[in-house]
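Observations on the model geometry
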Amino acid sequence: MKRDRIRNMIALGFVAVLFVGGIFAISGATLPQADFSFVNPTEIESIDPKKVSGVPEGRVLRLVLEGLTVADPKTLEPLPGMAESWDISEDGRTYTFHIRDDARWSDGSRVTAHDFYYSWKRFLTPDPPAKYSNLLWQVVNGKAYNTLKLKDFSKVGIKAPNDRDFVVQFEHPVAYFLDLTSFYPLFPVHKQTVERHPQDWYKPEYFVGNGPFLLAVRSIRDRLRVVKNPNYWDAKNVKLQTIDVLAVEDRVTALNLYLTGTVDWITDIPIHVVTDLKERPDFQHEQYLGNYFYRINLENPDETKRKFLGDVRVRKALYFALNRKQICKQVTKAGEVPARSIVPPGLPGYEGPKLPDYDPKKAKELFDAALADLGMSKPPPLTILYNTSDAHRDIAEVLQSQWRKALGIEIRLDNQEWGSYMAAMETRQYDIARGGWIGDYSDPNTFLDLWRTGDGNNHTGYSDKEYDDLIGAAGAEKDPAKRLKILAKAEQRVLDAMIVLPIYYYVTKNMIRPWVKGWYHNNQDMHYPKFIWVDKHLRALSAKD
Amino acid sequence: MWMFLAKRFAWMILTLWIVFTISFFLMRAIPGGPLDRDRNPPPEIKKLIEKHFDLDKPLYQQYLIQLGNVVTGDFGPSFKLADYTVSEVLLEGLPKSFALGVLALILALALGITAGMVSAVERGGWLDRSMMVLATIGIALPNFVIAGFMILLFVIVFPIFPAAGWGGVDFLVLPAFCLGAPFAAYIARLTRTGMLDVLTQDYIRTAQAKGLSSFKILTGHAMKGGLLPVVSFLGPGIAGIMTGSLVIEKIFAIPGIGTHFVQSALNRDYTLSMGCVMVFTTLVYVMNLLVDLAYTLLDPRVELE
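On to unusual backbone geometry, then. A negative phi holds for most residues other than glycine; trans holds for most peptide bonds. Residue and element names in this part refer to chain A. Residue Pro128 is reached from Asp127 by a cis peptide bond, and omega for that bond is 5°. Relative to the elements of secondary structure, Pro128 occurs in the loop between helix H3 (113–124) and helix H4 (142–146). Phi at Leu148 takes a positive value of approximately 70°, unusual for a residue other than glycine. Position of Leu148 among the secondary structure elements: in the loop between H4 and strand E6 (158–159). With a relative accessible area of 43%, Leu148 lands in the partly exposed category. Here the phi dihedral of Lys333 falls at roughly 60°; this positive angle occurs in a residue that is not glycine. Topologically, Lys333 is positioned in the loop between helix H11 (324–332) and strand E14 (337–338). Overall, Lys333 belongs to the partly exposed group, its relative accessible area being 28%.

Structure (structure tokens):
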């Protein structure tokens with residue numbers, strides 16, 4: 001009897017749990033739709049400028065914070081942001097920014113030069129340092145302070161003599177510095193909030209920003225909602241009231257959200273539908289400041305391979321044997337351009353070198369000569385390393401077949417997920433590896449300084465004193481035209497060494513609804529939500545169709 | 001009874017410790033680390049950051065540090081979701097996974113039991129056959145394939161449900177269905193078998209002889225015994241629904257802990273992945289314990305020992 005009762009109680013309890021759980025499950029409320037929604041392809045790492053390093057974080061930070069300058073949405077030229085104007089000294093080494101009088105934090109307090117002083121000091125303080133802190137290494141004593149060699153921040157070339165003036169002094173002139181002042185790691189943070197709530201200041205309850213929008217809702221891997229900030233200095237020109245940023249990892253899911261009208265903008269597409277989407281007017285694919293390439297490992301642990309790939313003729317043969325047009329036409333298909341250089345086109349004033357085109361005959365000649373000199377009867381089998389992705393696999397397969405056909409090399413494909421792939425490159429446990437680089441700022445330097453000896457992103461073991469000196473000389477050069485010439489020389493040198501096989505220049509892959517206005521294509525695929533607005537009339541019309 | 005619970009609790013602690021140790025060393029054995037991103041900071045910077053997170057210490061020290069943290073219930077901050085602690089991430093994700101799981105379970109039970117009963121009563125008829133064909137398909141198809149069909153049908157062709165995301169109940173219908181469908185199919189088969197067993201028993205014939213309606217016989221007399229196999233399936237079933245949600249959560253962009261489980265491993269987010277592993281282990285263990293307890297009550301022959 002007792003057992004029976006307990007049994008019934010358990011059954012009842014189970015049903016009750018299901019019932020309560022069910023009620024809870026269906027009680028979730030939907031937020032009213034935002035004026036403008038877009039998909040960010042991953043949950044952001046942080047909204048602390050000190051901790052971020054990726055493009056998705058930049059999209060969010062530009063909503064809630066603003067740097068000294070902002071970039072023109074079409075041309076990326078520096079426009080006044082928190083600084084209403086700036087002076088550059090004759091020798092190009094000292095920048096003085098004048099903070100605007102009407103610059104306000106979202107709590108109404110004034111944004112002053114001291115806020116930037118505090119934020120940049122915090123950015124450089126090694127407790128631990130910011131991942132991007134080498135952005136400010138060219139500031140006087142910036143590197144020394146950042147790497148614990150100097151304790152006294154007053155010796156660093158960052159000063160705020162008064163509320164209005166913010167002064168930055170460099171060791172050498174930095175030609176692209178006004179690109180960096182709009183770059184999100186250098187955005188300011190609100191001192192009082194950071195110090196009062198060191199663990200929580202980035203939560204919506206506490207967050208104080210100086211950007212066009214305010215943080216309203218933040219739900220992990222779901223959405224981040226911002227609302228218009230009435231205290232923003234340029235609030236009268238901000239037209240959107242609410243913006244939703246949805247964190248969606250899966251590209252097919254993101255596309256579904258776009259096609260069903262939940263979001264107005266997605267920043268990437270699933271590769272297999274490129275051909276279908278290309279027919280649509282709302283698929284935006286244009287020049288993008290990025291390069292897709294393959295690295296060749298010069299420090300191969302296998303001696304035969306090291307000798308083989310160490311011969312520049314072999315590396316050149318690998319390049320000449322690649323029909324990159326075929327890759328762009330048959331694999332990537334979104335209008336990518338076959339690359340013949342490391343620095344992508346579209347950088348103002350820069351005339352870089354170009355490699356010759358596809359030439360299988362020349363490839364074979366170079367290859368045979370090298371093999372004979374190396375005393376090898378046939379080439380050693382090689383492995384292509386790439387991080388897991390359909391697009392990378394498809395390209396690697398083309399390389400595999402082209403190299404096998406043209407040069408008779410036995411190629412194995414090795415895909416690894418991101419962490420293992422990075423580790424293999426860092427420890428030089430690879431032969432040839434897929435890579436890519438997106439420019440941080442509009443200057444060839446962002447594509448060239450990584451090939452310096454020992455750079456954290458070099459990964460090839462390439463070490464050339466002359467190359468390092470050229471990059472150094474360009475950094476010290478005051479005359480902009482001369483500087484670009486030196487960089488072109490450096491690029492020629494690294495291209496001659498052929499440690500990188502350029503494949504194609506990236507294109508952007510946005511889908512954007514026609515009613516989204518003030519959104520322009522630019523070389524860095526960087527979009528300031530403060531300029532964006534929605535033509536509600538147009539949206540309503542298309543909803544009716 | 002209390003002795004039994006105490007013993008099981010001690011076993012759970014031991015299990016958790018073993019799982020912790022294995023996961024810790026597996027995580028560290030795979031190449032890469034939590035600081036690997038598209039862009040590497042200069043080596044000087046990387047060293048300072050590693051030092052800050054104790055990643056430069058010898059492995060056994062890192063093991064002891066993390067073990068100490070876990071014992072005190074503090075998993076520390078997440079590496080990849082740097083604005084949150086692991087506990088915050090899990091507390092935000094768990095209720096969402098739970099909501100999805102409960103709905104999936106309700107759907108699985110309702111669909112499965114109904115289909116199984118109908119099949120049993122209509123044994124050999126076209127209804128029985130078509131339902132069992134459906135059930136076999138349901139068991140054979142992985143849930144992400146079902147999800148693809150469902151999205152095509154109910155999101156793109158007939159726009160009834162939202163494509164993905166989190167919000168009201170309409171966001172949960174498709175994912176809960178896709179997650180529950182294989183279990184519904186399984187439950188349908190179990191119900192059918194159980195009911196067929198019971199329906200041939202003498203006491204059912206007696207009930208028919210008394211002139212009871214077939215509905216009364218089914219619900220009042222046959223169901224109790226016929227559903228026993230379903231009850232014993234619930235334990236592993238619930239655990240399965242919970243782990244099955246990894247894929248479904250990704251496809252439907254549901255911010256539960258399934259996504260964290262996968263992404264934290266890919267990101268080498270040592271702290272968050274450890275938190276997920278510990279939570280899942282505890283859940284599966286507790287579910288099994290509850291099922292064991294339920295058995296003893298349902299079947300007098302089982303003793304708690």
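Don't stop here, the text continues.
This part covers helix H10 (residues 312–320) of chain A. Residues separated by three or four positions in an α-helix point in the same direction, a consequence of the helix having 3.6 residues per turn. The complete set of buried residues in H10 of chain A reads Val314, Arg315, Ala317, Leu318, Tyr319 and Phe320 of chain A. Put simply, Asp311 of chain A is the residue that caps the front of H10 of chain A, since its side-chain oxygen is 2.8 Å from the backbone nitrogen of Arg313 of chain A.

On to helix H11 (residues 257–266) of chain B. Every buried residue of H11 of chain B is listed here: Ile257, Gly258, Thr259, His260, Gln263 and Ser264 of chain B. Looking one or two residues past H11 of chain B, Arg268 of chain B carries a phi angle of roughly 55°, positive in sign.

On to the sheet that holds strand E12 (residues 283–284) of chain A, then. Residue and element names in this part refer to chain A. Ordered by their spatial adjacency, 7 strands build an open sheet running E8-E9-E10-E1-E11-E19-E12, and the pairing between neighbours is mixed. Two strands lie at the open edges of the sheet, namely strand E8 (213–219) and E12, each paired on one side alone. Where E8 meets strand E9 (residues 223–228), 6 bridges bridge the pair, whose relative direction is antiparallel. The residue of E9 that forms the bridge with Ser219 is Arg223.

On inspection of all chains with the given rule, the structure shows 43 aromatic pairs over all chains. Ring geometry for Phe79 of chain B and Tyr270 of chain B: centres 6.3 Å apart, planes at 85°, overall edge-to-face. Residue Phe79 of chain B is found in the loop between helix H3 (59–71) and helix H4 (86–121), and its partner Tyr270 of chain B is found in helix H12 (residues 270–298); the two are separated by 191 residues along the sequence. Classification of Phe79 of chain B by relative accessible area gives buried; the value is 13%. The exposure class assigned to Tyr270 of chain B is buried, which follows from its relative accessible area of 8%. A ring pair is formed by Phe154 of chain B and Phe161 of chain B, whose centres lie 6.5 Å apart and whose planes are at 75°; its orientation type is edge-to-face. Given the relative accessible area of 23%, Phe161 of chain B is considered partly exposed. Members of the aromatic cluster, connected to one another through ring pairs, are Trp86, Tyr95, Phe97, Phe116, Trp120, Phe166, Phe170 and Phe177 of chain A. Note that Arg62 of chain A overlies the ring of Tyr528 of chain A, its terminal NZ or CZ placed 5.5 Å from the centroid.

In this fold, Thr253 of chain A is placed in helix H7 (residues 251–259). Classification of Thr253 of chain A as buried rests on a relative accessible area of 3%. Beyond its immediate chain neighbours, meaning those up to four positions away, Thr253 of chain A contacts Val248 of chain A together with Ala164, Lys250, Ile251 and Ala253 of chain B.

Residue and element names in this part refer to chain A. The strand order E4-E5-E7-E6 describes an open sheet built from 4 strands, whose pairing is antiparallel. Sheet topology places strand E4 (83–88) and E6 at the edges, where each strand pairs with a single neighbour. The pairing of E4 with strand E5 (residues 94–99) spans 5 bridges and is classified as antiparallel. Of the residues in E5, the one forming a bridge with Asp87 is Thr96. H3 rests against E5, E6 and strand E7 (165–169) of the sheet, and its axis sits at about 35° to E7.

The subject of this paragraph is the side chain of Gln284 of chain A. All names here are of chain A. Tracing the backbone through its elements, the reader meets Gln284 in strand E12. Judged by relative accessible area, which is 9%, Gln284 ranks as buried. Here the side chain of Gln284 touches Thr508 through a polar contact of 3.0 Å, side chain to side chain. If we skip the residues at most four places from it in the chain, Gln284 touches Thr508, Lys509, Asn510, Ile512, Trp519 and His521.

Okay, the packing of helix H6 (residues 143–157) of chain B against helix H7 (residues 170–199) of chain B next. Residue and element names in this part refer to chain B. In the contact formed by H6 and H7, the axes pass within 9 Å of each other and the chain directions differ by 145°. In this structure, the crossing between H6 and H7 has a hand that is right-handed. Two secondary-structure elements touch here, H6 through Asn143, Ile146, Ala147, Met150, Phe154 and Val155 and H7 through Leu174, Phe177, Cys178, Leu179, Ala181 and Pro182. The residue makeup of the contact of H6 with H7, split by class, is 11 nonpolar, 1 polar and no charged.

Residue and element names in this part refer to chain A. The residue Asp431 is located in the loop between helix H14 (418–426) and strand E17 (432–438) in this model. Note: C-alpha distance between Asp431 and Gly92 (339 residues apart in sequence) is 43 Å. Each residue touching Asp431, except ones within four places of it in the same chain, is listed here: Arg295, Ile296, Asn297, Asn300, Lys305, Leu309, Pro381, Leu382 and Thr383. Of note is the side chain of Asp431, whose polar atom sits 3.1 Å from the side chain of Lys305. Separated by 2.8 Å, the side chain of Asp431 and the backbone nitrogen of Thr383 make a polar contact.

Pairs of packed helices are described in terms of their axes, by the angle between the two and the distance that separates them. All names here are of chain B. It is the contact of helix H8 (residues 202–209) with helix H9 (residues 214–226), at a shortest axis distance of 11 Å, that shows an interaxial angle of 150°. In terms of axis orientation, H8 runs roughly antiparallel to H9. Our pair here, H8 against H9, has a crossing hand that is right-handed. Residue-level inspection shows Tyr203, Ile204, Ala207 and Gln208 of H8 in contact with H9, the latter providing Ile217, His221 and Ala222. In the contact of H8 with H9, the residues fall into 5 nonpolar, 2 polar and no charged.

A separate point is the interface of chain B and chain A. Contacts between the two partners involve 61 residues from chain B, matched on the other side by 64 residues from chain A. Regarding the contact of chain B and chain A, the summed buried area is about 5,500 Å², with carbon and sulfur atoms giving 62% of it. Summed over the shared surface of chain B and chain A, the number is 5 salt bridges. Among the ionic pairs, Glu426 of chain A bridges to Lys46 of chain B, the shortest N-O distance being 3.2 Å. Linking chain B with chain A are 16 residue pairs in polar contact (both at pLDDT 80 or more). Every element with two or more residues in the side of chain B that touches chain A is listed here: helix H2 (43–52), H4, H6, H7, helix H10 (228–251), H11 and H12 of chain B. By residue number, the principal contributor to the side of chain B that touches chain A is H4 of chain B, which donates 12 residues.

Parameters at a glance
Residues numbered from 1 in each chain as written. Chains lettered and ligands numbered in written order. Predicted model: local features only at pLDDT ≥ 70, side-chain atom pairs only at ≥ 80, totals over all residues. Heavy atoms only, no water. Helix = DSSP H or I, 4+ residues; strand = E, 2+ residues; numbered from the N terminus. Buried < 20%, exposed > 50% of the residue type's maximum accessible area, 1.4 Å probe, protein only. Polar contact = N/O pair within 3.5 Å; in protein donor to acceptor, adjacent residues only side chain to side chain. Pairing = 2+ DSSP bridges. Phe/Tyr/Trp six-rings, centres within 6.5 Å; stacked < 30°, edge-to-face > 60°. Lys NZ or Arg CZ within 6 Å of the ring centre and 35° of its normal. Contact = heavy atoms within 4.5 Å. Axes fitted to C-alpha atoms, helices over the stretch in contact; angles between N-to-C directions. Left-handed = near helix turned anticlockwise from the far one by under 90°. Nonpolar A, V, L, I, M, F, W, Y, C, P; charged D, E, K, R; others polar. Parallel < 35°, antiparallel > 145°, perpendicular 65-115°, else oblique. Buried area = accessible area lost by both parts, 1.4 Å probe. Salt bridge = Lys/Arg side-chain N within 4 Å of Asp/Glu carboxyl O.

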